[in-house]
Every structure is written in structure tokens, then in C-alpha cells.
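Listed here are the chains, written in short residue letters.
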Amino acid sequence: MDKPIAFITGATSGIGEATSKILAPNFNLIICGRRADRLEKLKSELKASTNVETLEFDVRDKAAVDKSIESLSSDWKKIDLLVNNAGNAHGLDPIQSGSVEDWDAMIDINVKGLLYVSKAIIPGMVERESGHIVNIGSIAGKEVYPNGNVYCASKHAVDAINNGMRMDLNSYGIKVTSVNPGLVETEFSQVRFKGDNQRADTVYKGYDALQAEDIADLIRYIVEAPKHVLLSDVIILPTAQANATIIKKDL
Ligand code: NDP
Ligand code: 8X3
């Protein structure tokens, strides 16, 4: 392969899609998600600038994760960069009335899904004694906000897993980075509010929210840093946001 290989989960929209686009000139790409039509569209958009493989799987399904990664040819299995991005919030409810289905989705996708993908890819990095894992956490993994309960718990788990990975993989020369964004205008709130797009839009009204491209730009900076430089844990917020709960809005 002429270029290193990046494996990006959640590439069908938002941060993952923007990251795929920004990394395309310098990486061969394995783009993943459940929506096959979007993967094919992105592949045809990017194929002029790089080689692209698509993998369609649900990160909750460990057998599907393993089978998809196993289906890659031996050249494509030498993954240099893993961007663990797939994830969402489901609901924004007080703990006493939250839905168990939403809780299961967030723990299964954001935590267990990230682990399943990592489990399939890390052994190759360990064997080659090289690689970089970028885990997409959140400001919700650093703080808790009202009604955020289980989403915040899932992202606190990502924060802990990220720190654990960095310790355990240190002796193999593998870099591990956590990227923790504040409010980014993607399909995130449409998913959180289950298609109530009016409610989703209000999340990003009255200030300049981060865009997916801002996070992709940070990821490019992180992965292109010199070999001896590791950005271990980065919080990125819109200027209008001070922390998880304080946002200066002009409404
Ligand atoms: P989007 O909803 O735009 O993208 C989510 C991506 O995750 C999609 O590509 C989706 O693909 C994929 N995904 C979701 N569930 C699954 C699943 N079960 N199996 C496989 N893929 C799945 O949101 P963002 O781009 O904003 O979110 C990306 C990451 O960034 C998430 O981890 C999120 O928690 C985090 N984040 C987002 C912030 C924001 O404000 N937007 C702030 C902080 C962190 P598909 O549906 O095709 O499977
Ligand atoms: C996404 C940002 O503030 O909605 O992780 O939790 S927030």
C-alpha cells in the first residue's frame, strides 16, 4: 500500500464523514457504518483521491464486527489509524423516566461497540508495534449535565478506556488520543431527539456551533503530529461554550 491505512467508524455522517474526507489525501480508507448507500456515495466521492474499502456493520454485533474486519485482504488488515467515532446520544431524560432501550443503545454502541472494534484491530497494531487510536469521547465524558445521565456515563467510560488503552499500549509504541468535543452541529441531535428536527435545530441556535469539519481538522492535526509528539486528551468547544452547561446564546 502506498499510504497508511485509516479505519473510521461512523463514516456515514457528521464527524466520521468529515474525517474521512480530510484524511483521504494522506490515507487509504476503510469507512464503516450501517447505511450502505451513504458508504457507497462517500466511496465514489473519495475514490479519485484515495483507495477506499467500505464495511457495513452494526458495532453492537460483535460477530458482524469480527466478520467484516476478517473479510479484509491481508494488505488492508494492516491498519495504522483507528478512529473510534461511531456513537450517539439516545434521549435526554431524567434518570427516573429514562428509557431502558435508550440506555441499552448508548452503552451497547458507545462503549461495547468501541471495545468490539478495538478488540479486532489492536492485536495487529501490537504485533507491528505501531499504530494510532483516536477515540471520540465528549465534553459529556468530562462532566455530567442534567438529563445527560447515561450518555455522560457512556462517554465517561470512553474516557477511562482511552486512558487504559494508552497505558496498556505504551510499550508497543502505539499512540492513543481522546478527542472530546462540545456542541457539534451534525445529525447527533436528530438522533438524540428521534427525528424531532425542530427540537434538534434549537440545540445549535443563537451561537456558532462547531462543525464536523472543525473536529476533522483537529484529528488531522493529531494524526499528522511528529512521531515523538502525542496529543493524549483534547477538549474542543465552540467559543460560545464554557463547559457542558454554560453556553452564551444570543436568542
Ligand atoms: P452523527 O449522528 O452525525 O454520526 C453518528 C455516526 O455513528 C453515524 O455515521 C452512524 O452511522 C454511526 N453509528 C451510530 N450507531 C451505530 C451503530 N450501532 N453501528 C455502527 N455505526 C453507528 O453524529 P456525530 O458525527 O456528531 O457523532 C460522532 C461521534 O461524536 C459520536 O461518538 C458522538 O457521541 C460524538 N460527539 C458528538 C458531539 C456532537 O455535538 N455532535 C459532541 C461530542 C461527541 P450509521 O447510522 O450509518 O450506522
Ligand atoms: C455531545 C455533546 O453536550 O450534547 O457529546 O453531550 S453534548
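Right above here is the structure, for reference.
These notes cover the structure that comes with them. All values reported here derive from a predicted model rather than from experimental measurement. (Residues numbered from 1 in each chain as written. Chains lettered and ligands numbered in written order. Predicted model: local features only at pLDDT ≥ 70, side-chain atom pairs only at ≥ 80, totals over all residues. Heavy atoms only, no water.)

A look at the site of ligand 1
By nearness alone, 31 residues border ligand 1, and Thr 12, Ser 13, Arg 34, Tyr 151 and Thr 186 come closest of all. A distance of 2.6 Å separates an oxygen atom of ligand 1 from a polar side-chain atom of Arg 34. In this structure, an oxygen atom belonging to ligand 1 sits 2.9 Å away from a side-chain N or O atom of Lys 155. Protein contacts shield 97% of the accessible area of ligand 1, which totals 870 Å² for the unbound molecule. Where the shell around ligand 1 is concerned, the elements lending two or more residues are α1 (14-23), α5 (149-169) and α6 (188-192). (Near = heavy atom within 4 Å. Polar contact = N/O pair within 3.5 Å; in protein donor to acceptor, adjacent residues only side chain to side chain. Areas by Shrake-Rupley, 256 points an atom, 1.4 Å probe, with all protein chains shown as cover. Helix = DSSP H or I, 4+ residues; strand = E, 2+ residues; numbered from the N terminus.)

Details of the environment of Ser 44
Structurally, the position occupied by Ser 44 is in helix α2 (residues 36-46). When its relative accessible area of 40% is taken as the criterion, Ser 44 is described as partly exposed. A C-alpha to C-alpha distance of 12 Å links Ser 44 and Ser 20, two positions 24 residues apart in sequence. (Buried < 20%, exposed > 50% of the residue type's maximum accessible area, 1.4 Å probe, protein only.)

Digging into the pattern of salt bridges
Enumeration over the complete set of coordinates arrives at 13 salt bridges. With its nearest N and O atoms 3.6 Å apart, the salt bridge here joins Lys 77 to Glu 70. Using a relative accessible area of 30% as the deciding quantity, one classes Lys 77 as partly exposed. Residues Arg 220 and Asp 217 are paired through a salt bridge, measuring 2.6 Å at the closest nitrogen-oxygen approach. One end of the pair, Arg 220, and the other, Asp 217, are both in helix α8 (residues 212-224), three residues apart, so they sit about a helical turn from each other. Looking at Arg 220, the relative accessible area reads 30%, which means it is partly exposed. (Salt bridge = Lys/Arg side-chain N within 4 Å of Asp/Glu carboxyl O.)

So, the sheet that holds strand β9 (residues 233-236)
With parallel pairing, the seven strands of this open sheet are ordered in space as β3-β2-β1-β4-β5-β6-β9. The open sheet terminates on both sides in strands that have one partner only, identified here as β3 (52-56) and β9. Strand-to-strand twist in this sheet, taken as the mean axis angle between neighbours without regard to direction, amounts to 15°. Of the pairings in the sheet, the one linking strand β1 (residues 5-8) to strand β4 (residues 81-84) comprises three bridges and is parallel in character. Within β4, the position partnered with Ala 6 by the bridge is Leu 81. (Pairing = 2+ DSSP bridges. Axes fitted to C-alpha atoms, helices over the stretch in contact; angles between N-to-C directions.)

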